[in-house]
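Residue-level structure breakdown
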Amino acid sequence: MMPIREIAAAVREGRLSARVIAEQALAALVEADRTLIAVTRILHDRARAEADAIDAMVAAGRDPGPLAGVPYGVKDLFDLAGLPTTAGSTLYADAAPAAADAEAVARLKAAGAVVVATLNMDEFAYGFATINAAYGTTRNPHDSARLAGGSSGGSAAVVAAGLLPFSLGSDTNGSVRVPASLTGIYGLKPSNGDLPLGGVFPFAKSFDDVGPFARSVEDMALVWEVLTGRSAKASDRAMRVARLGGRFRENADADQLAAIDAIAPDATLVELPEIARARSAAFLITAYEGGALHRDALVENAMAFDPQVRDRLLAGALLPDALYAEAQAFRTAYRARIEALVADYDVLLAPATPTTAPLVADPRILIDGALSPARADLGIHTQPISFTGLPSLAVPLYRPGKLPIGLQLIGGPGREADLFAFAAALEQQGVTGFSAPANETASGVPPVQGEPIP
């Protein structure tokens, strides 16, 4: 799949048809998803209609926008007009269709992008693995015996496999950054509340964020600019870098730590205070808000839920209000402490996941020397950052031939442009960057061909 800028330029200039691009993307998704299990719905009719509208604009001499004809997919919790929003659950399969697109989808459509699919996820976004009782377990394009991560695993897998140039997910405690790390692509958790959440099925409103996936920093920045309406250009000054220490130096891959130390060998080692307490509070707030959201549905038909999700939601629904209020008060004070602590730095370096992708047949990982469920603990390094509300960009270490793993580049509030600039420099140096799965071309994923408009 060509980079976003190249696809859009070819469509705007009449060298490529948006309809041809859409048809190729649809066909590739149908073929590859037999083994990838990343898609919940392929939107044939809508994709063709949107692509035809783009081609009509070009024919009329009008500019369709910066994402003209670029195909993408969305995690199965974004509202799409005329379809029920299921959030990865059969519980809402027959719900009333959405009256309008989610705000993020509407902005992408206005910029010329073409939505082609809804993508697999942990039910109600509760998990880090994309193990879904109804739709199946999404596989990692680099090794189909391994997990893609979650909860936005389908969104990550289709980009990593070369099926789509970008996709949308959501990140509450790491649900974009974890699958980005495990599939070897870029994934953004923006500053908390910075990207539009209108029309996105909630998980835990305190932490939910929309986040894109892409295979390059440039593609990521282009999508972010459309979603925010802001420029991704950073200042020209040298970046002030620090490394996160303490728990962020534990439960990490040796290559991650070596890369962090090579990127900034003389950088200050900053230790965030009370990490264990912050993560516990994040777990508690997430569970409480998720349980409260689904309490009525649990009372009415608890057996309709994915069993693993149901048990966690039930536990959350039983948490006392006073404990939730205490956790929220701690969070408010903690955010202020962390923002003051990191105010002197532009980029903080940390691991994104504690390990490479675990096996589907044994979804456990080593945490502090003991095996732990991947569905709960793949977010050990991302969850504390969500608690702070700071933006975090997952970037893939460039290591062709090895299973992917990524780093987090963490910035100050509203400073995503600094993260993009720093990531672009790492990409140019060959430290980070996308490595295509070994079987990408052999798995039925065709490149976009330069067919002219018929």
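Refer to the structure presented above.
In what follows, the accompanying structure is described. (Residues numbered from 1 in each chain as written. Predicted model: local features only at pLDDT ≥ 70, side-chain atom pairs only at ≥ 80, totals over all residues. Heavy atoms only, no water.)

What follows concerns the packing of aromatic side chains. Two numbers describe a pair of aromatic rings. These are the distance of the centres and the angle of the planes. In total, this model carries 12 aromatic pairs according to the counting rule given. Taking the centre distance of 6.0 Å and the plane angle of 75° together, the rings of Y92 and F124 count as edge-to-face. With Y92 in the loop between β2 (71-75) and α4 (103-110) and F124 in the loop between β3 (114-119) and β4 (131-132), this pair connects stretches of sequence that are 32 residues apart. On the basis of an interplanar angle of 55° and a centroid distance of 4.7 Å, the ring pair of Y126 and F203 is categorised as tilted. Within this pair, whereas Y126 is found in the loop between β3 and β4, its partner F203 is found in the loop between β9 (186-189) and β10 (209-214), the two being separated by 77 residues in sequence. Owing to a relative accessible area of 7%, F203 belongs among the buried residues under this scheme. Joined through ring pairs, the aromatic side chains of Y92, F124, F201 and F305 make up one cluster. When the ring centre of F330 is taken as origin, the NZ or CZ atom of R277, which lies over that ring, is 4.0 Å away. (Phe/Tyr/Trp six-rings, centres within 6.5 Å; stacked < 30°, edge-to-face > 60°. Helix = DSSP H or I, 4+ residues; strand = E, 2+ residues; numbered from the N terminus. Buried < 20%, exposed > 50% of the residue type's maximum accessible area, 1.4 Å probe, protein only. Lys NZ or Arg CZ within 6 Å of the ring centre and 35° of its normal.)

With that out of the way, let us pick up helix α10 (residues 307-317). Those residues of α10 that sit buried are V309, R310, L313, G316 and A317. One side of α10 holds all its buried residues, which, seen down the axis, span an arc of 125°. Where α10 is buried, its residues touch α9 (275-301) and α12 (374-377). For α10, the N-terminal capping position is held by D306, with its side-chain oxygen 3.0 Å away from the main-chain nitrogen of Q308. (Arc of directions from axis to C-beta. Contact = heavy atoms within 4.5 Å. Polar contact = N/O pair within 3.5 Å; in protein donor to acceptor, adjacent residues only side chain to side chain.)

Okay, the pairing of β3 next. Counting buried residues along β3, 6 of its 6 residues qualify, which places the element largely inside the surrounding structure. Pairing between strand β1 (residues 39-42) and β3: 3 bridges, direction antiparallel. Of the residues in β3, the one forming a bridge with V39 is L119. Pairing geometry for β2 and β3, over 5 bridges, is parallel. Residue pairing in the sheet places V74 in a bridge with T118 of β3. The parallel pair β2 and β3, bridged by α4, forms a crossover whose chirality is right-handed. (Pairing = 2+ DSSP bridges. Right-handed = clockwise from strand over helix to strand, strands pointing away.)

Here we come to the pattern of salt bridges. For the coordinates displayed, the defined rule picks out 34 salt bridges. When the shortest N-O distance is used, the salt bridge between R415 and D418 registers 2.6 Å. Judged by its relative accessible area of 29%, R415 falls in the partly exposed class. Linked through salt bridges whose partners overlap, the residues forming this network are R237, R240, D346, R415 and D418. (Salt bridge = Lys/Arg side-chain N within 4 Å of Asp/Glu carboxyl O.)

Attention shifts here to the side chain of T172. Within the secondary structure, T172 sits in the loop between β8 (166-171) and α6 (177-183). Judged by its relative accessible area of 2%, T172 falls in the buried class. Side chain to side chain, T172 and D208 meet in a polar contact 2.6 Å long. Excluding residues that lie within four positions of it along the chain, T172 makes contacts with F203, A204, F207, D208 and S386.

Cis peptide bonds are those with omega within 30 degrees of zero, and the linkage from G150 to S151 qualifies with 5°. With respect to the helices, strands and loops of the structure, S151 is situated in the loop between β7 (143-147) and α5 (153-160). One non-glycine residue, I37, lies in positive phi territory at about 55°. With respect to the helices and strands, the residue I37 is situated in the loop between α2 (18-36) and β1.

Residues F78 and L108 are the most contacted members of the largest nonpolar core, which totals 106 residues. Among the elements that make up this core, the one with the highest residue count is α2 (9 residues). (Core = buried A, V, L, I, M, F, W, Y, C linked by side-chain atoms within 4.5 Å.)

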